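Letter by letter, the chains look like this.
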Amino acid sequence: MRPVLFTAQSVDDITPHMRRVTFSGDGVRAYLAENAIPNIKILLPDTSGKYGVPELDDPSSTAVTDVRTVPGLLGRVRTYTVRSFDVDAGTLAIDFVLHGDEGIASAWAHRAKSGTILCAAGGGGRSIGDAEHYLIAGDETGLPAIGAILEKLPSSARGSAFVEVANRDEIQDLVKPDGIELHWLSRDDAPAGTTTLLVDAVAQFPLEPETFAWVSAESGQVVTIRKYLRAQGVPRRSMLVIGYWRRGLSENGYAKAADHDRDLKEYDSDKHGHGHGHGHGHGVAATLAAAWASFIHSARHALAALRARLRR
Ligand SMILES: Cc1cc2nc3c(=O)[nH]c(=O)nc-3n(C[C@H](O)[C@H](O)[C@H](O)COP(=O)(O)OP(=O)(O)OC[C@H]3O[C@@H](n4cnc5c(N)ncnc54)[C@H](O)[C@@H]3O)c2cc1C
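Residues numbered from 1 in each chain as written. Predicted model: local features only at pLDDT ≥ 70, side-chain atom pairs only at ≥ 80, totals over all residues. Heavy atoms only, no water.

K.L.:
Let's hear about the side chain of Glu 170: which residues, and what values?
P.N.:
As for its position among the elements, Glu 170 is in the loop between β9 (158–165) and β10 (180–186). Within the buried core, Glu 170 has no salt-bridge partner, and the shortest N-O distance to an opposite charge, that of Arg 187, equals 8.2 Å. Within the local environment of Glu 170, its side chain forms a polar contact with the side chain of Thr 15, the two groups lying 2.5 Å apart. (Helix = DSSP H or I, 4+ residues; strand = E, 2+ residues; numbered from the N terminus. Buried < 20%, exposed > 50% of the residue type's maximum accessible area, 1.4 Å probe, protein only. Lys, Arg positive; Asp, Glu negative; His and termini not counted. Salt bridge = Lys/Arg side-chain N within 4 Å of Asp/Glu carboxyl O. Polar contact = N/O pair within 3.5 Å; in protein donor to acceptor, adjacent residues only side chain to side chain.)

K.L.:
I'd like to hear about the packing of aromatic side chains, residue by residue, with values.
P.N.:
Enumeration over the complete set of coordinates arrives at seven aromatic pairs. On the basis of an interplanar angle of 45° and a centroid distance of 4.7 Å, the ring pair of Tyr 80 and Phe 96 is categorised as tilted. Of the two residues, Tyr 80 sits in strand β4 (residues 77–81) while Phe 96 sits in strand β6 (residues 91–97), which places them 16 residues apart along the sequence. Per residue, the accessibility class of Tyr 80 equals that of Phe 96, and both read buried. Centre to centre, the rings of Trp 214 and Tyr 244 are 6.4 Å apart; their planes meet at 85°, and the pair counts as edge-to-face. Of this pair, Trp 214 sits in strand β11 (residues 211–218) while Tyr 244 sits in strand β12 (residues 239–245); the two residues are 30 residues apart in sequence, bridging distant segments of the chain. Under the relative-accessibility criterion, Trp 214 is labelled buried at 4%. (Phe/Tyr/Trp six-rings, centres within 6.5 Å; stacked < 30°, edge-to-face > 60°.)

K.L.:
Give me the lowdown on the site of the ligand, citing residues and values where you can.
P.N.:
Around the ligand, 26 residues are found, and the nearest of them are Arg 78, Thr 79, His 99, Arg 246 and Glu 251. Here an oxygen atom of the ligand and a side-chain polar atom of Arg 78 are 2.7 Å apart. With respect to the ligand, the backbone of Ser 106 contributes an N or O atom lying 3.0 Å from an oxygen atom. With the chains in place, 93% of the 910 Å² that the ligand exposes on its own is no longer accessible. (Near = heavy atom within 4 Å. Areas by Shrake-Rupley, 256 points an atom, 1.4 Å probe, with all protein chains shown as cover.)

K.L.:
Let's hear about the environment of Phe 85: which residues, and what values?
P.N.:
As for its placement among the helices and strands, Phe 85 is situated in strand β5 (residues 84–86). According to the relative accessible area criterion, Phe 85 is partly exposed, its value standing at 36%. Each C-alpha atom, one on Phe 85 and one on Leu 32, is 8.2 Å from the other, the two residues being 53 residues apart in sequence. Beyond its immediate stretch of four places on either side in the chain, Phe 85 contacts Leu 32, Ile 37, Thr 91 and Leu 92. (Contact = heavy atoms within 4.5 Å.)

K.L.:
Account for the pattern of salt bridges, with residues named and values stated.
P.N.:
Charged atoms that come close allow side chains of opposite charge to pair. Summed over the entire model, instances satisfying the criterion amount to nine salt bridges. In this structure, Arg 111 and Asp 101 form a salt bridge, with 2.8 Å as the shortest nitrogen-oxygen distance. One end of the pair, Arg 111, is in helix α4 (residues 104–111); the other, Asp 101, is in the loop between β6 and α4, and 10 residues separate them in sequence. For Arg 111, a relative accessible area of 53% translates into the label exposed.

K.L.:
Explain the nonpolar core to me, using residue names and the numbers behind them.
P.N.:
Within the largest apolar cluster, 24 residues are counted, with the highest numbers of intra-cluster contacts made by Phe 6, Phe 23, Tyr 31, Ile 40, Leu 92, Phe 96 and Trp 108. In contact with Ile 40, not counting residues within four places along its chain, are Phe 6, Tyr 31, Arg 78, Thr 79, Tyr 80, Thr 81, Val 82, Ile 94, Ala 120, Gly 122 and Gly 123. Of all hydrophobic cores here, the second largest spans 22 residues; its members include Ala 145, Val 165, Trp 184 and Phe 212. (Core = buried A, V, L, I, M, F, W, Y, C linked by side-chain atoms within 4.5 Å.)

K.L.:
How would you sum up the pairing of β12? Please name residues and give values.
P.N.:
The buried fraction of β12 is high, at five of seven residues. In terms of strand pairing, β11 meets β12 through six bridges, oriented parallel. Bridge assignment links Ala 213 to a residue of β12, and that residue is Met 239. (Pairing = 2+ DSSP bridges.)

K.L.:
Outline the pairing of strand β7 (residues 117–124), listing residues and values.
P.N.:
Counting buried residues along β7, six of its eight residues qualify, which places the element largely inside the surrounding structure. The sheet contact formed by strand β3 (residues 39–43) and β7 spans five bridges and is antiparallel. Bridging across to β7, Ile 42 finds its partner in Ala 120.

K.L.:
Describe the packing of helix α6 (residues 197–204) against helix α7 (residues 219–231), naming the residues involved and giving the relevant values.
P.N.:
At their nearest, the axes of α6 and α7 sit 9 Å apart, and the two run at 15° to each other. Put simply, α6 runs roughly parallel to α7. For the pair α6 and α7, the crossing hand works out as right-handed. When α6 is examined against α7, the residues Leu 198, Val 199, Val 202 and Ala 203 are found in contact with a partner set consisting of Gln 221, Thr 224, Ile 225, Tyr 228 and Leu 229. Broken down by class, the residue content of the contact of α6 with α7 amounts to seven nonpolar, two polar and no charged. (Axes fitted to C-alpha atoms, helices over the stretch in contact; angles between N-to-C directions. Parallel < 35°, antiparallel > 145°, perpendicular 65-115°, else oblique. Left-handed = near helix turned anticlockwise from the far one by under 90°. Nonpolar A, V, L, I, M, F, W, Y, C, P; charged D, E, K, R; others polar.)

K.L.:
Talk me through the environment of Ile 180; I want residue IDs and the actual numbers.
P.N.:
Its location among the elements puts Ile 180 in strand β10. What makes Ile 180 buried here is its relative accessible area of 1%. For the pair formed by Ile 180 and Leu 135, sequence separation is 45 residues and the distance between their alpha carbons is 9.1 Å. Residue contacts for Ile 180: discarding those within four places in its chain leaves Tyr 134, Leu 150, Leu 153, Ala 157, Arg 158, Gly 159, Ser 160 and Ala 161.

What follows is the structure, given as structure tokens:
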């Protein structure tokens, strides 16, 4: 899509390290017309305040730049979640984790105030699948998506959501269906991406044949959880398990290390056999084991459906 400029309308600290920036203006309306959700690609300005995009830096320019295909710009592109939007009001909110000034997006959010401009360069991606039972897990970077997901799940949804946060001051009020249990996992101020809280919580969770697993957090935890879910026989169609950041790497460095762009390929790294530290070197035995586990899961699924039908 054509890059557009958003204007910050309000800046609110939801918790000490989660800052909500609500944008408005013609740029937001243009963005929402493209229906580019649930994720948004933002382009941060360079140190001189310029974007390096002709049509943004010079309003008289007629250029149309696809920011995501210009290598020189990718170092300043970051991925966020559209926490909420209102087409009629022409507003869109993003929740930024404030993790210090080492990251350009976090630093931008630290300084954002009403009237600050930000470039939206595209968006899209997949959201949670339809299911009867859910396993939802994420750290603070996944929390905006979890908040948006829980608000939209049907009231009949069952399962659990696990959210890892820095400490108990980071707990938010979330709207959710009664059948979803919400568990806050506090790191007690340990650095993000250094604990096994989410991995342990997922390992304790009673999976059902019809469970859909949605997981987003630091890459290391996500890789472990994905392997675990596969070993349990959860089929690929029943999971969306994505690394949202990698400790020690900028987003651009992470994308390079993972060997592909998660957004353009709709995060479906399995299809391409690479990325996110998995999919490499699976031998025949591993493939057969995964196929067998998937078969068992499907058989359990069919059996559960049959039992439910017989009960009616
Ligand atoms: C689909 C998707 C949706 C996302 N949605 C959100 C969202 O709604 N809100 C949100 O805050 N993040 C979200 N993220 C994560 C966000 O894109 C990354 O955290 C990103 O690296 C932040 O960019 P930055 O410029 O601040 O830091 P970068 O320049 O990318 O990284 C600089 C350094 O900071 C570290 N770092 C990055 N993020 C964190 C963190 N959260 N805590 C501690 N250290 C960190 C890196 O490891 C690196 O060492 C999402 C990611 C994806 C893929």
